[in-house]
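Structural overview
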Amino acid sequence: MNLFEMSAAEAAAAIQSGETTSEELVQACLDHIATLEDSVGAWAHLDPEYALRQARDADLQRRSGMSVGPLHGVPVGVKDIFDTRDMPTEDGTVLHAGRTPAYDATAVALLREAGAVIMGKTVTTELAVYAPGKTRNPHDPARTPGGSSSGSAAAVAAHMVPLAIGTQTNGSVIRPASYCGVFGYKPSHGLISRYRVLQQSRALDQVGVFGRTVADVALLAEQLMGFDQRDSDMRPRSRPNLTGTATGEPLVPPRLAFVQTPAWDQADKDVQDAFAELMEFLGDEAEELDLSDLLENAVNWHRTIMEADLARSFRREYERGKESLSATLREMIERGQQCLAMDYNEALEQIPVLNSALDEILLEYDAIITPATTGEAPAGLESTGSPVFCTPWTLCGMPSISVPILQGSNGMPIGVQMTAARNDDARLLRTANWLALRVEE
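Residues numbered from 1 in each chain as written. Predicted model: local features only at pLDDT ≥ 70, side-chain atom pairs only at ≥ 80, totals over all residues. Heavy atoms only, no water.

Focus on the pattern of salt bridges
Keep this limit in mind: The salt bridge criterion pairs a side-chain nitrogen of Lys or Arg with a carboxyl oxygen of Asp or Glu, the two atoms within 4 Å. Secondary structure counts use DSSP, requiring at least four H or I residues in a row for a helix and at least two E residues in a row for a strand, with both numbered from the N terminus. Only protein chains enter the area calculation, which uses a 1.4 Å probe; residues under 20% of their type maximum are buried, those over 50% are exposed, and those in between are partly exposed.
The final tally for this structure, using the stated rule, is 20 salt bridges. Taking the shortest distance from any N to any O, the salt bridge between arginine 112 and aspartate 86 comes out at 2.9 Å. Note that arginine 112 is positioned in helix α4 (residues 106–113) and aspartate 86 in the loop between β2 (75–79) and α4, a separation of 26 residues in sequence. Note that aspartate 233 is salt-bridged to arginine 202, the shortest N-O span being 3.0 Å. With a gap of 31 residues between them, aspartate 233 in the loop between α7 (214–223) and α8 (242–246) and arginine 202 in the loop between β5 (183–186) and β6 (206–211) connect regions that are remote in the sequence. For arginine 202, a relative accessible area of 42% corresponds to the partly exposed category. Within the structure, one salt-bridge network assembled from shared partners comprises Arg85, Asp86, Asp104 and Arg112.

Some thoughts on the side chain of threonine 135
The line we're drawing: Side-chain atoms alone can form a polar contact between residues adjacent in sequence; in general such a contact is a pair of N or O atoms within 3.5 Å, and within protein one must be able to donate a hydrogen while the other accepts it. By definition in these notes, contact holds between two residues if any of their heavy atoms fall within 4.5 Å.
Secondary-structure assignment places threonine 135 in the loop between β3 (117–122) and α5 (150–157). Within the local environment of threonine 135, its side chain forms a polar contact with the backbone oxygen of glycine 41, the two atoms lying 2.7 Å apart. Once residues within four sequence positions are removed from consideration, threonine 135 is found in contact with Val40, Gly41, Ala42, Val123, Pro145, Ser150, Gly151, Ala154 and Leu381.

Things to note about a negative patch on the surface
What counts here: For patch building, the residue pool is restricted to those with more than 30% relative accessible area and no salt bridge; the joining distance is 9 Å between like charges and 5 Å between nonpolar side chains (Val, Leu, Ile, Met, Phe, Trp, Tyr). Per-residue and other accessible areas follow the Shrake-Rupley method at a 1.4 Å probe size, with only the shown protein chains counted as cover for residues. When charges are counted, Lys and Arg are positive and Asp and Glu negative, with His and the chain ends excluded. Where a charge sits is defined by one atom per residue type, namely NZ (Lys), CZ (Arg), CG (Asp) or CD (Glu).
On the surface, a cluster of negative charge is contributed by Glu288, Asp290, Asp293 and Glu296. Looking at the element boundaries, glutamate 288 is found in strand β8 (residues 286–288). Of the residues examined, glutamate 288 reaches a relative accessible area of 48% and is grouped as partly exposed.

Re the nonpolar core
As a reminder of what qualifies: Buried Ala, Val, Leu, Ile, Met, Phe, Trp, Tyr and Cys residues that are joined via side-chain atoms within 4.5 Å together make up what is termed a nonpolar core.
With 135 residues, the main nonpolar core has Phe82, Leu111, Ile401 and Met418 as its most contacted residues. Beyond its immediate sequence surroundings of up to four residues, leucine 111 is in contact with Leu71, Val76, Val78, Ala116, Ile118, Ile165, Leu220 and Leu224.

Examining the sheet that holds strand β11 (residues 413–419)
Operational definition: A strand pair is defined by DSSP finding two or more bridges across the two strands. Axis angles are defined between N-to-C directions and span 0 to 180 degrees, where every axis is a line fitted to C-alpha atoms and, for a helix, only to the segment in contact.
Taking strand neighbours across the sheet as the criterion, the eleven strands line up as β1-β3-β2-β4-β6-β5-β10-β11-β9-β7-β8 in an open arrangement whose pairing is mixed. The open sheet terminates on both sides in strands that have one partner only, identified here as β1 (43–46) and β8. Each strand axis lies, on average, 30° off the axis of its neighbour in the sheet, ignoring direction. As judged from the three bridges shared by β5 and strand β10 (residues 400–407), these two strands associate in the antiparallel manner. From the neighbouring strand, glycine 184 faces β10, where its bridge partner is serine 402. In the packing of helix α2 (residues 22–40) onto the sheet, contacts are made with β1, β2 and β3, and the angle to β3 comes to roughly 20°. Along the sheet, helix α3 (residues 48–63) contacts β1 and β3; its crossing angle with β3, the most-contacted strand, is approximately 155°.

Here's the deal with the pairing of β2
Our working definition: Looking down the strands as they point away from you, a crossover is right-handed if its path from the first strand over the helix to the second goes clockwise.
Of all five residues that make up β2, five are buried, and the element is covered over most of its length. The two faces of β2 match: Pro75, Gly77 and Lys79 on one face and Val76 and Val78 on the other face are all buried. In the sheet, β2 pairs with β3 via five bridges, with the strands oriented parallel. Paired with lysine 79 across the strands is threonine 122, a residue of β3. Taken together, β2, α4 and β3 constitute a β-α-β crossover, and its handedness is right-handed. Pairing of β2 with strand β4 (residues 163–168), which is carried by three bridges, proceeds in the parallel orientation. Following the sheet pairing, valine 78 is matched in β4 by isoleucine 165.

Take a look at the structure:
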């Protein structure tokens, strides 16, 4: 196995045992990036010498007998909307070109505390909304990698780094994970700090992670779940034991609820056929559940909140440089400017109502399964694809993971999205790992 092909857990263990060094791993990743970056375009900022300097420091620390963290010496890609004190953070827009923060986002600081090497900044769509960046799908450069965490998903899929972080306000972790064929995990709202991360919507923004195994996304996410009072949606709590639970054997076979959602007619035939086969494969372990009435207005409520919050969050960008914004983003902001306070507050009030109903339903099931996307990654680079299958769960702040176990008629990956009750993250990851291993058998 090439060093750059190791999982994050394997890499961390190899570095800590002295089997390899962080410098050797980072150099292998950099060499691999050099062969692929022109065709994939995953990186907004990459300084090879600085990455190697971090790796050498990590190796020196280990050799000196100093304590090391769970990600010691492991390279991680960081979406270019997380502030980094030693790298530019330009948020995918010319309006923020040259922006150099003085401080790290909390998530980045926690990565450093865990010993990670911050490999560089991965490409995001324009202000983390819909207008694509330069990134292409590693499986087919003529197709989108998804968005907005496009560079993070593509970098992990292309074995440029074993891990990367991103964000999701609608489908920006789950969708690119599905299109690129990696695990993408969006924890429950309020588990990972968003301090010094570009804000779109306080109610909807959530940090997520990418890896090539369930164990890897659990390992990464667990390091990011420290309480931060500067994120007003976080509450003091102990970190969930994700790594210990995720790869454990369920005491009894999980029960899954297959939910088509009101968007089912937007799913390609590939997706509909694949889920029919998956349901047949799972047999008694999965049951179809009709939540059409409950979720009927979820997309509209989400749109109301997101567009009103975009108008607020990007007011300065719109006022000072709207001609530099994409037409799509301008239109979203302008619709948000017209949103009535009554409609906005009514949409927000639906979130706890939906969560209460879904919590009741999920007492009988370990997870809900739905498509992660409407199909394979669309051909062309003008769009990042539809997030419609992610929208209800993002609105509710529920934990979700894309499990890359299906394939379309063109040979492109398709993810199965699994969702659990809010704050039931550890069990969700264990159920996802069970499903991945079950299909692999």
